Amino acid sequence: MTAYIFKRVLAVIPILIFVGIATFSLVHIAPGDAANIMAGDYAGPDDVKLIRAELGLDKPVTTQFWEWAGRTLRGDLGKSIYSGRTVAELVGQRLEPTIALTIVGGTLAVLLGIPMGVFAAWRAGSRWDRGIQIFAALGISVPGFWLGFILILAFAVYLRWFPVIGYVSVTEDLFGWLKSITLPVSLLAISGSSVIIRMTRGSILEVLREDYIRTARAKGLANKPVLFRHALRAGAIPIITVIGTLAGALITGVVVTETVFTIPGLGRLVAETVQNRDFPVVQSMLMLLASFYVFINLMVDLAYVFFDPRVRL
Amino acid sequence: MVFRKKMWMAAITALSLVAMLVMACGGDTETITVVETVVVEKEVEVVKEVEVEKEVEVVKEVEVVKEVEVVKEVEAPQTDDRYGGELKVALGAAISTLDVHRTTGTTAYEPSFAVQERMMAYNSDLQATPLLVDTWEVSDDGMQWNFTLRDGIKFHNGVPFNAEHAVKSWERWAERDNYGSLIFGFVDDISVTGDLSFSIDMVEPTALILEALARIGGYAPVMMPPEMYNVAAAEGADVLIGTGPYELDEWATGDHLRVKRYEDYSPADSAASFMAGRKDAFFDTVDYVVIPDSNARVAALEVGQVDLLGRDVPADMVDTLTANPDVRVAVATTSPAREGAWIDNVDGPFTDARVRRAFAMAFPVEDALIAGHGDSRFYTLCPSMMACAGKWGGWADGSEGVYNYHDKGGLEAAKQTIKDLGLVGTDITVLQAGDRARFSGPAEISRQTLDAMGFNVIFKQTDWATQTNWREKPELWDVFHTAGGGAWAANPLLNSSLAKNKYWNKYQDESGAMTAGMESLARASSADEQLAIVKEMQNVFWQDVPYISFGDSFGVGAVRADVQGSQSLYSMSWNVYNAWRSK
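Here the structure is a predicted model, which means the values were calculated and not measured. (Residues numbered from 1 in each chain as written. Chains lettered and ligands numbered in written order. Predicted model: local features only at pLDDT ≥ 70, side-chain atom pairs only at ≥ 80, totals over all residues.)

Caption draft 1: The overall build of chain B, seen in detail. Helix and strand counts for chain B come out as 16 helices and 23 strands. Scored against the burial criterion, the 583 residues of chain B give a buried share of 49%. Partitioning the intrachain contacts of chain B with sequence separation of at least 6 by distance along the chain shows that 70% fall at a separation of at least 24. (Helix = DSSP H or I, 4+ residues; strand = E, 2+ residues; numbered from the N terminus. Buried ≥ 20, exposed ≤ 12 C-beta atoms within 10 Å, placed from the backbone. Contact = placed C-beta atoms within 7 Å.)

Caption draft 2: Quick peek at the environment of threonine 103 of chain B. Within the fold, threonine 103 of chain B resides in the loop between strand S3 (86-91) and helix H2 (109-115). The spacing of threonine 103 of chain B and glutamine 564 of chain B is 461 residues in sequence and 31 Å in space, taken between C-alpha atoms. Residue contacts for threonine 103 of chain B: discarding those within four places in its chain leaves Met38, Ala39 and Gly40 of chain A together with Ser96, Thr97 and Ala108 of chain B.

Caption draft 3: Fine view of the sheet that holds strand S7 (residues 144-149) of chain B. Residues and elements named next belong to chain B. As summarised here, the arrangement of the four strands in space is S6-S7-S9-S8, forming an open sheet in which the pairing is antiparallel. Strands with a single pairing partner mark the edges of an open sheet, and in this sheet they are strand S6 (133-138) and strand S8 (187-194). For this sheet, the mean inter-axis angle between neighbouring strands, taken without regard to orientation, is 15 degrees. Note that S8 and strand S9 (residues 197-202) share six bridges and pair antiparallel. (Pairing = 2+ DSSP bridges. Axes fitted to C-alpha atoms, helices over the stretch in contact; angles between N-to-C directions.)

Caption draft 4: Molecular detail of the interface of chain A and chain B. Listed per partner, the contact involves 41 residues of chain A and 39 residues of chain B. Of all elements in the fold, only helix H2 (34-39), helix H3 (45-55), helix H5 (87-122), helix H7 (144-158), helix H8 (174-208), helix H11 (236-260) and helix H12 (266-276) of chain A reach the threshold of two or more residues within the side of chain A that touches chain B. The greatest single-element share of the side of chain A that touches chain B, amounting to five residues, is contributed by H12 of chain A.

Caption draft 5: Expanded view of the pairing of strand S11 (residues 256-261) of chain B. Residues and elements named next belong to chain B. Here six bridges tie strand S10 (residues 246-252) to S11, and the two strands are oriented antiparallel to one another. Counted as the bridge partner of glutamate 250 is arginine 258 from S11. From the end of S10 to the start of S11, which pair antiparallel, there are three residues, and glycine 254 there has a positive phi angle of about 80 degrees. The pairing of S11 with strand S12 (residues 285-290) spans five bridges and is antiparallel. Bridge pairing in S12 links arginine 258 to aspartate 287.

Caption draft 6: Structural context of the nonpolar core. In terms of nonpolar packing, the biggest core is built from 233 residues, with Ile196 of chain A together with Val89, Ala90 and Phe359 of chain B touching the most fellow members. Each residue touching phenylalanine 359 of chain B, except ones within four places of it in the same chain, is listed here: Ile343, Ala414, Leu450 and Ile548 of chain B. (Core = buried A, V, L, I, M, F, W, Y, C linked by C-beta atoms within 7 Å.)

Caption draft 7: Representation of the sheet that holds S12 of chain B within the structure. Residues and elements named next belong to chain B. A sheet is described by the order of its strands in space; here seven strands give the open sequence S10-S11-S12-S3-S13-S21-S14, paired in mixed fashion. Whereas interior strands pair on both sides, the edge strands pair on one side only; in this sheet they are S10 and strand S14 (327-331). Sheet contacts for helix H7 (residues 294-303): S3, strand S13 (308-309), S14 and strand S21 (556-560); angle to S3, the most-contacted strand, approximately 160 degrees.

Caption draft 8: Geometry of H7 of chain B. Residue and element names in this part refer to chain B. Across the ten residues of H7, seven count as buried, placing the element largely inside the fold. Turning to H7, its buried residues are Ala296, Arg297, Val298, Ala299, Ala300, Leu301 and Glu302. Residue glycine 304 follows H7 closely and has a positive phi angle near 85 degrees.

Caption draft 9: Just the packing of helix H9 (residues 353-362) of chain B against helix H11 (residues 410-420) of chain B, in detail. Residue and element names in this part refer to chain B. The N-to-C vectors of H9 and H11 enclose an angle of 155 degrees; their axes lie 7 Å apart at closest approach. Here H11 runs roughly antiparallel to H9, going by the angle between their axes. Handedness of the H9/H11 crossing: left-handed. Where H9 approaches H11, its residues Arg354, Ala358, Phe359, Met361 and Ala362 are matched on the opposing element by Gly410, Leu411, Ala413, Ala414, Thr417 and Ile418. For the contact of H9 with H11, a count of residues per class yields eight nonpolar, two polar and one charged. (Parallel < 35°, antiparallel > 145°, perpendicular 65-115°, else oblique. Left-handed = near helix turned anticlockwise from the far one by under 90°. Nonpolar A, V, L, I, M, F, W, Y, C, P; charged D, E, K, R; others polar.)

Caption draft 10: Spotlight on the environment of alanine 516 of chain B. All names here are of chain B. Tracing the backbone shows alanine 516 in helix H15 (residues 513-523). The partly exposed category is assigned to alanine 516, around which 15 C-beta atoms lie within 10 Å. Along the chain, alanine 516 and methionine 537 lie 21 residues apart, while their C-alpha atoms are 9.0 Å from each other.

Caption draft 11: Local environment of the confidence of the model for chain B. Residue and element names in this part refer to chain B. For chain B, the average pLDDT comes to 85, and 86% of its residues sit at 70 or higher. Across residues 17-77, confidence stays below pLDDT 50; counting only partners more than four residues off in sequence or on other chains, it has 47 contacts. Predicted complex metrics record ipTM = 0.76 and pTM = 0.78. (pLDDT = per-residue confidence, 0-100.)

Caption draft 12: Region of interest: helix H9 (residues 211-218) of chain A. Counting buried positions along H9 of chain A gives zero out of eight residues, so the element sits mostly on the surface. Directly after H9 of chain A, the chain includes glycine 220 of chain A, whose backbone phi takes a positive value near 95 degrees.

Caption draft 13: View of the environment of tyrosine 219 of chain B. Residue and element names in this part refer to chain B. Turning to its location among the elements, tyrosine 219 is positioned in the loop between helix H5 (209-214) and helix H6 (226-229). Its 26 C-beta neighbours within 10 Å are what place tyrosine 219 among the buried residues. Distance in space between the C-alpha atoms of tyrosine 219 and arginine 102 is 7.9 Å, their sequence separation being 117 residues. In this structure tyrosine 219 touches Val100, His101, Thr104, Trp173, Arg176 and Asp177, once residues within four positions along its chain are discounted.

Below, the structure written as structure tokens:
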């Protein structure tokens, strides 16, 4: 088992190197640069040329890559071309809302998704099953930004129960915080739980058709232990995979959520910096998000060990 | 079992009700606890003997005995009931920098208008009038300008504003701004002649000096302390300090920037008029909140989470907002932008002025304005080179047979020209920035027009950031769409698209007539002379067609109905001072 864990951890290193090269290339392949955006609409070629030289954007791409790679290896994530603030500072400013949204949204998605998925599988073919499946299909298919605006229109503009925009820190005002995250968290939970429901339902249905479940039932075992002790445990591997993927998807999904609900989190930071071609921040943010994703996948791999004894072999 | 279920349901319902009640309730405390540091002083008589005059002089000096902290409760900082509260201004994009000499991007300017000031400022007649300047005079031959600054003005960091700050700030602006380099071509020397006075010696006279001190649009000639002007503009100062009625309180990048009333502000004596005259900071704080999505901005205004949208209300939201009794909508007709199709003058078929003119003749200008703005309330057809609402626009000279002429024979004539020149089927690349609605619609009109003329149109759909990059390379495009506002739209000297090889269209001005016009305009000493020159330049414009100018388009601002005093001239958010909330 130790060898398995060691191998998994070691595999992360080349992945991160690849991610680094890929993010740098992507950012530089994309047309447009910060000099043009910073100069503004009225600026002409001379202004842009001047700014490009001042920012060092006129250096060869390879030089820029080695400079960036060197800084990143030393733990220096660079600083924003626009505000002059370090990436660490910017991330620090934006971390709380994103953590709040992803933890609360993710937890709700799991708490809703798994029971609903199990229930739909247990009552496969029933009205309940169809209802849950329709909910899941809509949750996956309806675009997040559209659903977000509908939530705003219904609950913030018409009913005025929640704010249209903004985020209140949990340390500042607990009820204000709850109000500010209710709609965005609902959006994340609806789309997240929909994926979990589908995967859980499919996985449990498959297990329920297995011979050993039929045997258990034939032996007279009650529904509850059949479902929770045997079926759910056996069907857990694909569910865990989905939850792992969902954690990564939540982080990137907050880009839309934070933009729609005007929440100053990491998602909006990514959207803004991509729009402004603020390369140092974009590169570092992509690296951070990719590292997080890799970390979650590593955790999922390690979780398999506990749920599936075959992995330990 | 059933009873337990009911108990749970009742408990959850009760908890929800309590939570909703607590969320719905909330009040603001009216009294303010103020901790003041009071300097206790006593007067001490000091006897000084002045040897030379053999006179005894008694001087009163103030000796600080001690500082004590006094805690007291006050109702409000001012007795005028217009004072107090917070104004929330919605911005569509993040404030990228605190240094307005670093960008011409407009969001950086919004807080700057409240925090920083120019030496001269435009009044509502768009005349440059003294703001930080007390008096000024120009010699009869126009070769020397003398300025005296108002006394008693302090920067927000407590440093008294003086002539050296004024000159250094203005020089920093001039290094950055096109207008600055134009003006400095006329300037021989600027010298500080006293603590509050400086003079400008000219190489040759120009009537544009005062305009250059009041400049809006492009880079802003605002006054800064050494902490700002000693930092290279390209690097950008990381502080925002000025002499204005508000001072920087907090900047959370990408989220909001808050300014608070500057208690030591020294306002001008004259009556308030647009950016000139007396400024009163009635609101305690002004919070500039970044809301990238336009629907969210409008919704936030409707429910009162923000108070003001400067000038970027989407056209399709105007009727909804107008119907809302809690909101006031204003179309800024006095401050138009000029929109148009920018043409590549140095690569491809449009290097030939006849082809550019043919494109202009075939172009359905009104269709493009409708495509960009949707409604005739937000634009006006205007055939002049400069904005019709400005002082150098409003006549049709030179535009006959070219401007908005497509259905009067323009398209047919253009097709013939293209045929005669053997250009039928030639590739023409049109760029469309899909994320800017006001430009993407007109780009589609360009595509249709060029197609109808007989070109083979390559239509490249992209985003604005990419378009800004592609337009750098003439081989990648032939037509793109953009707009210019403020002084850029009103003053040909500030419109780089008319200058030789200056803007992305790279106008070549083969005849030299436009360049000669610019030089004459800069040297003209009277308004009548300037007007005659601009009219002549307009003839050249429609002959050469460096780009196609569509007409005047107007931004739409909206403000909560209880906010009084906000002006719609240019952008409402430029005048957050002198605005207050009715109680």
